[in-house]
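Fold and contact review
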Amino acid sequence: MTFTVPDLPYAYDALDPYMSSETLEFHHDKHHQAYADKGNDMIKGTGLEEASIEEIMVSSFKTPEQHGLFNQVGQFYNHVHFWNWMKPNGGGTKMDGKLEAKIKEDLGGYDGFKEQFCAQGAAQFGSGWVWLAMDDATGKLEVINSPNGENPIVYGRTPLLGCDVWEHAYYIDYRNARPKYLDAFVDNLINWDYVAELFEKGPLSKNGKIAA
Ligand code: MN3
């Protein structure tokens, strides 16, 4: 497959003041584009050229000599979804009823989710991500963090929501205040409609996207 960066689903200034156009221009046009370019370069000759992106991630993650490829493709994938995990006037408690009930059951409701998501995001040492993920085996929702370009897929989980906590995601707008960025992301940016859409689809390993 060829990695192509999709356009942002909103204008560069649409997430102001919580995420500036300057951040989105650098993050989308430079960082995401670089992951695509390097991924396209590094996949040549690996035998994974025809695989799905999920298969490429799972396979290259397990293969030490392909970790360089994994990092680029993982980050490419994470950012494709990251742009969709945000929207103008997003965040807060307004979400699909089924998703809301599941978050209540597994995480203690919105407040429990927010507390864990912000704490795990702040606790991720160095570059990485914080996730709301579904355990493919049990269907249970959980909040986890991961380093660098890793994501729940390589841990047998399905990502429903992810927040980029690499410094490039927030340094222009929040400097070193990662907790303030996480607070703004949860309260003002989350696109719960997209989270609900992924939740409805269920575990990736059970809907044929990746081998169980
Ligand atoms: Mn990033």
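Because the structure is predicted, anything quoted here is derived from the model rather than measured.

In this section: the nonpolar core. Core analysis: the largest hydrophobic core is formed by 46 residues, its most contacted members being Phe113, Leu132, Phe185 and Trp192. At the level of elements, α3 (67–84), α4 (97–107), α5 (109–123), β1 (128–135), β2 (141–147), β3 (157–164), α7 (178–189) and α8 (192–201) are the ones that each hand at least two residues to this core. A domain split of this core shows at least three residues from each of domain 1 (21–84) and domain 2 (97–206).

Here His79 is to be found in helix α3. A sequence separation of 74 residues divides His79 from Val5, and the C-alpha atoms of the two residues are 8.9 Å apart. The residues contacting His79, other than those within four sequence positions of it, are His27, His32, Tyr35, Trp129, Asp164 and His168. In this structure the side chain of His79 is engaged in a polar contact, spanning 3.0 Å, whose partner is the side chain of His27. Within polar-contact distance, the side chain of His79 engages the side chain of Asp164 at 3.0 Å.

Interaxial distance between α5 and α7 falls to 9 Å at its minimum, and their mutual angle equals 145 degrees. Here α5 and α7 pass one another in a crossing that is right-handed. When α5 is examined against α7, the residues Tyr110, Phe113, Lys114, Phe117, Cys118, Gly121 and Ala122 are found in contact with a partner set consisting of Arg178, Pro179, Leu182, Asp183, Phe185, Val186 and Asp187. Per-class residue counts for the contact of α5 with α7 are 9 nonpolar, 1 polar and 4 charged.

Take the domain arrangement of the protein next. Here the protein is described as being made up of domain 1 (21–84) and domain 2 (97–206). Placing the centre of domain 1 and that of domain 2 at their C-alpha centroids yields a distance of 19 Å. Counting from both sides, the interface comprises 19 residues of domain 1 and, opposite them, 22 residues of domain 2. Both faces considered, domain 1 and domain 2 share a buried interface measuring about 1,700 Å² in area, 64% of it formed by carbon and sulfur atoms. The tally of links from domain 1 across to domain 2 stands at 0 salt bridges.

Here we come to the pattern of salt bridges. Applying the stated rule across the entire model yields 8 salt bridges. For the salt bridge of Asp193 with Lys87, the shortest nitrogen-to-oxygen distance reads 3.4 Å. With a gap of 106 residues between them, Asp193 in helix α8 and Lys87 in the loop between α3 and α4 connect regions that are remote in the sequence. The residue Glu142 makes a salt bridge to Arg157 at a minimum N-O spacing of 2.1 Å. Remark: Arg157 occurs in strand β3 and Glu142 occurs in strand β2; sequence separation between them is 15 residues. Among the ionic contacts, a cluster of salt bridges with common partners joins Lys114, Asp183 and Asp187.

Attention shifts here to the coordination of the manganese ion. In the first shell of the manganese ion, the protein supplies His27 (NE2), His79 (NE2), Asp164 (OD) and His168 (NE2), at 1.9 to 2.2 Å from the metal. In primary-sequence terms, the residues that donate to the manganese ion follow H-x51-H-x84-D-x3-H. Separated by 141 residues along the polypeptide, His27 in helix α1 (residues 21–42) and His168 in the loop between β3 and α6 (171–174) bring together distant segments of the chain. For His168, a relative accessible area of 18% puts it in the buried group.

So, how was this worked out
Residue numbering note: each chain is counted from 1, following its sequence as written. Reporting in this predicted model follows two pLDDT cut-offs: at least 70 for local features of residues, and 80 or more for side-chain atom pairs to be given and counted; totals over whole chains, interfaces and linings ignore these cut-offs and use all residues. Heavy atoms from the whole structure form the basis of all side-chain values; hydrogens and water molecules are not counted. Buried residues of nine kinds, namely Ala, Val, Leu, Ile, Met, Phe, Trp, Tyr and Cys, make up a nonpolar core once their side-chain atoms join them within 4.5 Å. Relative accessibility decides the category of a residue: with a 1.4 Å probe and only protein chains considered, values under 20% of the type maximum give buried, values over 50% give exposed, and everything between is partly exposed. Only DSSP runs of H or I reaching four residues or more are called helices, and only runs of E reaching two or more are called strands; each is numbered from the N terminus. Residue ranges for the domains originate in an automatic or database domain assignment. By the convention used here, residues are in contact when the closest approach between their heavy atoms is within 4.5 Å. The definition of a polar contact used here is a pair of N or O atoms within 3.5 Å, where within protein one atom must be able to donate a hydrogen and the other to accept one, and adjacent residues in sequence count solely through side-chain atom pairs. Orientation is described by lines fitted to C-alpha atoms, with helices fitted over the stretch in contact, and by angles between N-to-C directions that extend from 0 to 180 degrees. Rotating anticlockwise by less than a right angle from the far helix to the near helix defines a left-handed crossing, while the corresponding clockwise rotation defines a right-handed one. Amino acids are sorted into nonpolar (Ala, Val, Leu, Ile, Met, Phe, Trp, Tyr, Cys and Pro), charged (Asp, Glu, Lys and Arg) and polar (every other residue, Gly among them). Buried area counts how much accessible surface, traced with a 1.4 Å probe, disappears from two parts once they are put together, with both parts' losses summed. Note on definitions: salt bridges are taken to be side-chain nitrogens of Lys or Arg within 4 Å of carboxyl oxygens of Asp or Glu. Atoms of type N, O and S within 2.8 Å of a metal are treated as its donors, and for Na, K and Ca the window is 3.2 Å; water is not considered, so some sites may appear to be missing partners.

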